[in-house]
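Residue-level listing of the chains:
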Amino acid sequence: MMAANGAGCERPQKRAARDKHNGKTTDSSVRERRQKDKEDRLSLVVWRRPVTTLHYFLLETIIKLKEWTLKLWQRRGAVCLVLLLCSLFSFAYSTEGAHQQYVQYLEKRFLWCAYWVGLGILSSVGLGTGLHTFLLYLGPHIASVTLAAYECSSTDFPEPPYPDQIVCPQGGGLEGSISLFSIMSKVRLEACMWGAGTAIGELPPYFMARAARQSGADPEDEDYEEFEEMLEQAEGAQDFVTRAKLGVQHMVQKVGFFGILACASIPNPLFDLAGITCGHFMVPFWTFFGATLIGKAIIKMHIQKLFVIITFSKHIVEQMVSLIGSVPRVGPSLQKPFSQYLDAQRSKLHHAGGSAPADENWLSWVFEKVVLVMVCYFVTSIVNSMAQSYAKRLQQQRHTEEKTK
């Protein structure tokens, strides 16, 4: 249970305890040293110090692998059970029989769900530095299904090639038989799996803050101190962002499950703070994760899905193309590639079983390059983050050695 009535007096007590800690945390030289250490770590990026960054990244990777190996060994019973289940599935997969159709169906569904869950995790993991996989993958997928449904007058796309490629079914459907709900039903599985992945990606901030609290939250721990200072400064701040952060923190702290649900159910870039707050105030895991999962995988996902489907409905797309053409001077030149792109998509949809001519246009070329740039940025941010984590290890080790001298 969240101790909301005692939360107000917790922070003053912690600040007092921190101030009494031999006067070290309030000493200006300690603060200057921490600020200098932080600046040194932030300067450790690939484009400034490539050799050192890659070296530290490899060393941090080795340390993480050792830690994960040790954790797996501590849970060797669960690991053996998973390996046994994998062996049984492998045996069933390689053995001929009437069960193969069910095995293949399960394999296809599992891989499809795992793909979208993985993209969801990549979207939310990393305290706001994740890959924007909704804009890059799920949004375009929903848009493609929406355009195809209106063009084919059906959502019964033949499998295969769907979902790798969308083609109209042979019989087609009745004109005007497509509804908003039929399209939502068609993309519900991948949308909910993506939302579940984003909920899983919100767990690291929660566990980080919870571990710090359970371990006694060393007053000299930098992450803990930054969180405390943020809460202190937010109370007297007037700018919108800081007040929004404080509002999220208060809602999660006082309302509990329904506060977390409300924060998770709307597009909220400040939700990482909710995870840290829940971990800091020892909110039970299933209260936090249950509310986050319902909010992100069901409520928020249906809102986003509905927005994309409405945006790419046939009549709205045609109106958008017409509006682009009505822009003075540059309108016709911008309208042409959009019209060509839509015509090419219609040609592909009706070219079942063959290789439709794929005329390249600058829209698809630009989209491919944007995806490539964002993936490169995401990978680079992971390398930088792990290198900075190793640099922090070295700094903490150096300060510990200085204290023992």
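Placed above this text is the structure.
First, a word on what this report is: a plain description of the structure on this page. This structure is a prediction, so every number in the text was calculated from the model and none was measured.

### So, the state of the cysteines
Under the criterion given, the structure shown has one disulfide. Each sulfur of the disulfide joining Cys-152 and Cys-168 lies 1.9 Å from the other. Its S-S torsion of approximately -75° makes the covalent link between Cys-152 and Cys-168 left-handed. With a gap of 16 residues between them, Cys-152 in helix 6 (residues 133-152) and Cys-168 in the loop between helix 6 and helix 7 (180-186) connect regions that are remote in the sequence.

### Details of the packing of helix 6 against helix 8 (residues 188-201)
Two elements in contact, helix 6 and helix 8, have axes whose closest approach is 10 Å; the angle formed by their N-to-C orientations is 165°. Considering their axes alone, helix 6 and helix 8 lie roughly antiparallel with respect to each other. Between helix 6 and helix 8 lies a crossing whose hand is left-handed. Contacts between helix 6 and helix 8 involve Thr-133, Phe-134, Leu-138 and His-141 from the former and Glu-190, Ala-191 and Trp-194 from the latter. Looking at the contact of helix 6 with helix 8, its residues break down into four nonpolar, two polar and one charged.

### Let's talk about the pattern of salt bridges
Enumeration over the complete set of coordinates arrives at five salt bridges. Put simply, Lys-64 and Glu-60 hold a salt bridge, and the shortest N to O gap is 4.0 Å. You can see Lys-64 and its partner Glu-60 sitting in helix 3 (residues 50-74), four residues apart, about one turn around the helix. The exposure class of Lys-64 is partly exposed, given its relative accessible area of 28%. Across the pair Glu-60 and Arg-393 runs a salt bridge, and its minimum N-O distance is 2.9 Å. With Glu-60 in helix 3 and Arg-393 in helix 17 (residues 362-404), the pair connects residues that are 333 residues apart, well separated along the chain. In this structure, a network of salt bridges that share partners links the residues Glu-60, Lys-64, Glu-67 and Arg-393.

Conventions we followed
Residues numbered from 1 in each chain as written. Predicted model: local features only at pLDDT ≥ 70, side-chain atom pairs only at ≥ 80, totals over all residues. Heavy atoms only, no water. Disulfide = S-S within 2.5 Å. Helix = DSSP H or I, 4+ residues; strand = E, 2+ residues; numbered from the N terminus. Axes fitted to C-alpha atoms, helices over the stretch in contact; angles between N-to-C directions. Parallel < 35°, antiparallel > 145°, perpendicular 65-115°, else oblique. Left-handed = near helix turned anticlockwise from the far one by under 90°. Contact = heavy atoms within 4.5 Å. Nonpolar A, V, L, I, M, F, W, Y, C, P; charged D, E, K, R; others polar. Salt bridge = Lys/Arg side-chain N within 4 Å of Asp/Glu carboxyl O. Buried < 20%, exposed > 50% of the residue type's maximum accessible area, 1.4 Å probe, protein only.

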